[in-house]
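Per-entry structural report
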Amino acid sequence: MDLPEGLDWVRGSPAGRAWLTTLPTWLTECAERWSLRLGRPFRYAYASLALPADLPDGTAAVLKLQYPDEESRHEADALAHWDGDGAIRLLAHDPGRRALLLERCQPGTPLRDLPSDRALDAVTGLLPRLWRPAGTPFTPLAQEAAGWADRMPRAWERAGRPYERRLLDAALDLLSGLASSQGEQVLVNQDLHAGNILAADALAADRGPWLAIDPKPLLGEREFSVVPMVRGTELGHSPAAVRHRLDRLSTELGLDRERVRGWTIGHTLAWGVADDTVFPEKIDVVRWLLDGG
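In this report, the structure presented in the accompanying data block is examined. (Residues numbered from 1 in each chain as written. Predicted model: local features only at pLDDT ≥ 70, side-chain atom pairs only at ≥ 80, totals over all residues. Heavy atoms only, no water.)

Focus on the packing of aromatic side chains
Stated precisely, the cut-off is as follows: Paired rings are identified among Phe, Tyr and Trp, the last through its six-membered ring, by centres lying within 6.5 Å, and are further divided according to the angle between planes into stacked (under 30 degrees), edge-to-face (over 60) and tilted (the rest). Throughout, exposure labels follow a simple rule: accessible area from a 1.4 Å probe, protein chains only, divided by the maximum for the residue type, with under 20% read as buried, over 50% as exposed, and the rest as partly exposed. Two thresholds decide whether a charge sits over a ring: the Lys NZ or Arg CZ must be within 6 Å of the ring centre and within 35 degrees of the ring normal.
Counted by the stated rule, this structure contains six aromatic pairs. Summarising the aromatic geometry, the rings of Y44 and Y46 are spaced 5.5 Å apart at their centres and angled 90 degrees between planes, so their arrangement reads as edge-to-face. A relative accessible area of 52% means that Y46 is categorised as exposed. Connected via pairs of aromatic rings, a cluster forms that spans W9, W19 and Y67. When the ring centre of F279 is taken as origin, the NZ or CZ atom of K282, which lies over that ring, is 5.1 Å away.

Describing a nonpolar patch on the surface
Filter applied, for reference: Here a patch means residues that are over 30% exposed by relative accessible area and free of salt bridges, tied together within 9 Å if like-charged and within 5 Å if nonpolar (Val, Leu, Ile, Met, Phe, Trp, Tyr). Where accessible areas are quoted, they stem from the Shrake-Rupley method and a 1.4 Å probe; at the residue level, only the protein chains shown are allowed to cover. A carboxyl oxygen of Asp or Glu within 4 Å of a side-chain nitrogen of Lys or Arg is what we treat as a salt bridge.
Among the surface-exposed residues, W9, Y44 and Y46 lie close enough to one another that they form a single nonpolar patch of about 360 Å² accessible area. For W9, a relative accessible area of 41% puts it in the partly exposed group.

Observations regarding the sheet that holds strand β3 (residues 60-66)
For clarity, the threshold we go by: Note on pairing: DSSP must find at least two bridges between two strands before they are called paired. Every helix listed is a DSSP run of H or I at least four residues long, and every strand listed is a run of E at least two residues long, numbered separately from the N terminus. We call two residues contacting when some pair of their heavy atoms lies within 4.5 Å. A fitted line through C-alpha atoms represents every axis, and for helices the fit uses only the stretch in contact; the resulting angles, taken between N-to-C directions, go from 0 to 180 degrees.
If you trace the five strands from one edge of the open sheet to the other, you get β1-β2-β3-β5-β4, paired in antiparallel fashion. Two strands bound the open sheet, and with one partner strand each, they are β1 (37-38) and β4 (90-94). Relative to strand β2 (residues 48-54), β1 runs antiparallel, the two sharing two bridges. From the neighbouring strand, L38 faces β2, where its bridge partner is A53. Together, β1, β2, β3, β4 and β5 (99-103) form the strand contacts of helix α1 (residues 14-33), whose direction differs from that of β3 by roughly 150 degrees.

A few points about the pairing of β2
For β2, the tally of buried residues reaches six of seven residues, placing the bulk of the element in the interior. As paired strands, β2 and β3 are joined by seven bridges and run antiparallel to one another. For A53, the partnering residue across the bridge sits in β3 and is A61. In sequence, β2 turns back onto β3 through a hairpin of five residues, with G58 there showing a positive phi of about 90 degrees.

Description of helix α4 (residues 141-158)
Condition: Expected span, for any helix, means 1.5 Å times one less than how many residues it has. A residue's bend is the angle separating two fitted axes: one through the seven residues that end there, the other through the seven that start there.
For α4, built from 18 residues, the straight-helix expectation of 26 Å at 1.5 Å per residue is met to within 8% by its first-to-last C-alpha distance of 25 Å. Helix geometry: α4 is bent most strongly at R151, by close to 30 degrees, with proline P153 lying one to four residues after it. Among all positions of α4, only L141, E144, A145, G147, W148, M152, A155 and W156 are buried. Elements in contact with the buried residues of α4: α5 (165-179), β9 (217-220), α8 (257-270) and β10 (273-274). Of the residues one or two after α4, G160 is the one with positive phi, at around 85 degrees.

Some details on empty space enclosed by the protein
A probe as big as a water molecule, rolled over the atoms, marks out the empty space that is left. We apply this condition: Only protein atoms enter the 1 Å grid, on which a cavity is a set of points fitting a 1.4 Å probe that cannot get out and a pocket is an open set with protein on both sides within 12 Å along at least 5 of 7 lines, lining residues being those with an atom within 4 Å of a point. Grid points are joined across faces, edges and corners, and a volume is the space filled by probe spheres set on the points. Side-chain classes are defined by residue name, with Ala, Val, Leu, Ile, Met, Phe, Trp, Tyr, Cys and Pro counting as nonpolar, Asp, Glu, Lys and Arg as charged, and the others, Gly among them, as polar.
Overall, the coordinates contain one cavity of 30 Å³ or more when judged by the stated rule. In this structure, the largest cavity occupies an estimated 40 Å³ of space. Within the residue set of the lining of the largest cavity, elements represented by two or more residues are α3 (116-130) and β6 (186-189). For the lining of the largest cavity, the element with the most residues is β6, which contributes three residues. Partitioning the lining of the largest cavity into residue classes produces seven nonpolar, two polar and no charged.

Quick word on helix α7 (residues 239-252)
In a regular helix each residue adds 1.5 Å, so 14 residues correspond to 20 Å; α7 covers 20 Å between its end C-alpha atoms and thus fits that length. Those residues of α7 lying buried are A241, V242, R245, L246, R248, L249 and S250. Close packing links the buried residues of α7 with α3, α6 (227-231), α8 and α9 (280-292). Positive phi shows up at G254, right after α7, with a value of about 70 degrees.

Notes on unusual backbone geometry
Cis geometry marks the peptide bond from Q106 to P107; its omega dihedral reads 10 degrees. Positionally, P107 belongs in the loop between β5 and α3. Geometrically, the link from T136 to P137 is a cis peptide bond, its omega value of 5 degrees lying close to zero. Inspection of the secondary structure assignment puts P137 in the loop between α3 and α4.

Right, here's the structure in full:
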């Protein structure tokens, strides 16, 4: 198949190769089920195969086949819960194939294309729309944080201790304290970075003009929801840029800055090693926030 380069990593495991084997059949079956005319895959993809699709009535849509990871297991549930308010609308869902039929953002410009402060203006307008009370089937942030804390020391050892032990100890301590002392629980997205917010002027006269895509939902306090934006490289990767995003988002959204900082350190280090691959830019962020606040 004509896969985006970002999906090359799935070839490295038996589960990934098995998923790739199923994709041609599932694409055909989804196209038939929903009477879709499909285009070529979008190139910016790391955890799913997404293709532009046209419905019989001419509606512009996206067909998305998810890699079966745990983080995105409840993406369809989150999109259904938001029902198009601040997020892309779910049109149909095939749980067995992890297939989602979504409305298509047009023009679809990613938020990362904006200057940093204009992008942050958009985020402060968008996030309160997404902070909705929720319940099942979403995983509580406290439960997820316990899993990060359990896995992080082993991942650190397997990867050859790629960063200082003090970073690991600080992250584990922060996760333990934060998880047990949270505020009101709302639906949060642990992957809301500036590549996962798209312009949707043609859709969102009363819903946008920016909509979230690709949520990895959890149920947790509001302070956690800005973590991907604080650490993300899309709007600049430097100590000053990271602290500026931390300060602006905490202040303008009325969040506790120290809790945002703590969640950013804990979650970023937890995602800093995956399948023995180390992501140095995430380790950078943890050091900057620990050493300079």
